[in-house]
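Survey of secondary and tertiary structure
The chain contents come next:
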Amino acid sequence: MTDAIIDVIIPVWNRPEETRNCLVNLINHTPNARFIIVDCGSERDTERMLQEFADGLDERALLMRDDSNIGFVRAANRGFESSTAPFLALVRSTSIVTARWLDPLLQFAQEHPQAGILLPCLDPGEPFEGPCEVESASFAAMVLRRELYQETGGFDESLDGGAWCLKDFTRRACAKGYVTCQVPGPAVSHQEEVPLGSELRRRETLQRSLTTFRERWGEGGSYLLHVPKGVELDLLRQKLDWLLQGARHGDCYTVLLPHALNQAAQLSGLTCLHENVKLVPLPRLAWDGMKRRMYEKLIAQRPGTMPVTAVDGLPFPWSERYLSFSELTERIKARVH
């Protein structure tokens, strides 16, 4: 047994060339790590290759085998069960890490004890200006604290092994007081996995997982807030703290801001709170009809979105049907508790 800072779990099922590239880069760019390789009944050439890696790494590797393909999620859970390090990483065998990929994740974790699940930037993907909370982890590459795993357990193997399984995992982490953050740094390249099984069975599994998720966690709402001129940055920050709580529990928010307030929010780092809290500046020089069309376009992009006036007592300018901010906070309280 080694005194590794992090245990890296890599489930493998065939694809020997991609797996070799993945392992070579992980070994070269992840010092002070132990590698837990879970072979899900791979064919002989992949099996031999994995044994060579394990032999070469000696105590830095643990090779586990199953006679059949138990699936990525079950294999990941088996790897987690065998881990002992303070941090755990899960990496697909088709992902490629680069130099110092882990450094910003571990540094952010040390500075932010609430950050329980940490994601590198994935290539290709949309770049983040700074660290940002997100609603879901990624099987391509993720890091989590050992205490989070101990408190929540692994992935739910009854779910789809994809999006809903990941969202359920991050929601269970949130229920224990942990957040999921994407941290800027060296990108990890990844490939989309080829779906297995019949299309009908995949659709049935997806629908069952969606139903289970909503029964457990409810269904998030979509809201569009109008912030009028005259609101100070400190008051905006207080309101965004409420929205952040709602976003962690599945809500989506678009916040229309006066141009000057939006600039102040950017300078204060308020634009990267959560991927589901988007600050949108209103045009500085525009007549009301142009602003209305902007509002209508945003509403059309997400049907069912509810307008909200950010200051109680003031009407929403482009809709007679809207919530006050106090009414919105009551909804957020109900979701959080």
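Per an unreviewed UniProt entry, the protein carries the name Glycosyltransferase and comes from Geomonas oryzisoli.

Glancing now at helix 8 (residues 233-248). In this model, helix 8 (16 residues) spans 22 Å end to end at C-alpha, consistent with the 22 Å of a helix rising 1.5 Å per residue. All of the buried residues along helix 8 are L236, K239, L240, L243, L244, G246 and A247. Summarising the axial view, the buried residues of helix 8 lie within an arc of 160°, below the 170-degree limit, and thus occupy one face. The inward-facing, buried residues of helix 8 abut strand 7 (132-133), strand 11 (222-226), strand 12 (252-257), helix 9 (259-267), strand 13 (277-281) and helix 11 (325-336). Phi turns positive, to about 105°, at G250, one or two residues after helix 8.

The strand order across the open sheet built from eight strands is 3-2-1-4-8-5-9-7, with neighbouring strands paired in mixed fashion. Both edges of this open sheet fall to strand 3 (61-66) and strand 7, since each of them pairs with a single strand only. In this sheet, strand 8 (residues 141-145) lies alongside strand 4 (residues 87-91) in antiparallel orientation, the contact comprising five bridges. Across the sheet, residue L88 finds its bridge partner in strand 8, namely L144. Packed onto the sheet, helix 3 (residues 72-81) meets strand 1 (6-12), strand 2 (33-40), strand 3, strand 4 and strand 8 and runs at close to 150° relative to strand 1.

Our next topic: the pairing of strand 9 (residues 179-182). Of the two faces of strand 9, the one holding V179 and C181 and the one holding T180 and Q182 are both buried throughout. Relative to strand 9, strand 5 (residues 115-119) runs parallel, the two sharing four bridges. Its bridge partner being in strand 9, L119 is matched across the sheet by Q182.

One can describe the packing of helix 1 (residues 16-29) onto helix 2 (residues 44-57) by two numbers: an axis separation of 10 Å at closest approach and a directional angle of 15°. Relative to helix 2, the element helix 1 is oriented roughly parallel. When the axes of helix 1 and helix 2 are compared, the crossing they make is right-handed. Across from P16, T19, R20, L23, V24 and I27 in helix 1, the residues of helix 2 making contact are D45, T46, M49, L50, E52, F53 and L57. Grouping the constituent residues of the contact of helix 1 with helix 2 by class yields eight nonpolar, two polar and three charged.

With parallel pairing, the five strands of this open sheet are ordered in space as 13-12-11-14-15. If you trace the sheet from one side to the other, it starts and ends with strand 13 and strand 15 (323-324), each paired once. Both strand 11 and strand 14 (residues 306-309) contribute to a ladder of four bridges, which runs parallel. Looking across to strand 14, one finds that L224 is bridged to P307.

The next point concerns the UniProt feature "domain: Glycosyltransferase 2-like" (unreviewed entry) in the protein. Mapped onto the present numbering, the UniProt feature "domain: Glycosyltransferase 2-like" (unreviewed entry) falls at residues 8-118. Annotated as 42% helix and 25% strand, the span residues 8-118 places its first and last C-alpha atoms 14 Å apart.

Bringing the nonpolar core into the picture now. Counting 36 residues, the largest nonpolar core has I6, V8, I10, L26, W101, L118 and V143 as its most contacted members. Broken down by element, the residue count for this core peaks at five residues, all from helix 2. With residues near it in sequence (within four places) discarded, V8 still touches L26, T30, A33, R34, F35, I36, A89 and V91. Within the second largest apolar cluster, 29 residues are counted, among which are C40, F72, L148 and C165.

This part is about the packing of aromatic side chains. On inspection of all chains with the given rule, the structure shows eleven aromatic pairs. With centroids separated by 5.5 Å and ring planes inclined at 50°, the aromatic side chains of F80 and Y149 adopt a geometry described as tilted. With F80 in helix 3 and Y149 in helix 5 (residues 146-152), this pair connects stretches of sequence that are 69 residues apart. Take Y149: its relative accessible area is 14%, and that puts it in the buried class. Ring plane angle 50° and centroid distance 5.1 Å describe the contact between W164 and F213, whose orientation is recorded as tilted.

Reading guide: rules and limits
Residues numbered from 1 in each chain as written. Predicted model: local features only at pLDDT ≥ 70, side-chain atom pairs only at ≥ 80, totals over all residues. Heavy atoms only, no water. Helix = DSSP H or I, 4+ residues; strand = E, 2+ residues; numbered from the N terminus. Expected span 1.5 Å × (residues − 1). Buried < 20%, exposed > 50% of the residue type's maximum accessible area, 1.4 Å probe, protein only. Arc of directions from axis to C-beta. Contact = heavy atoms within 4.5 Å. Pairing = 2+ DSSP bridges. Axes fitted to C-alpha atoms, helices over the stretch in contact; angles between N-to-C directions. Parallel < 35°, antiparallel > 145°, perpendicular 65-115°, else oblique. Left-handed = near helix turned anticlockwise from the far one by under 90°. Nonpolar A, V, L, I, M, F, W, Y, C, P; charged D, E, K, R; others polar. UniProt positions renumbered as here; feature names shortened; annotations may be inferred. Core = buried A, V, L, I, M, F, W, Y, C linked by side-chain atoms within 4.5 Å. Phe/Tyr/Trp six-rings, centres within 6.5 Å; stacked < 30°, edge-to-face > 60°.

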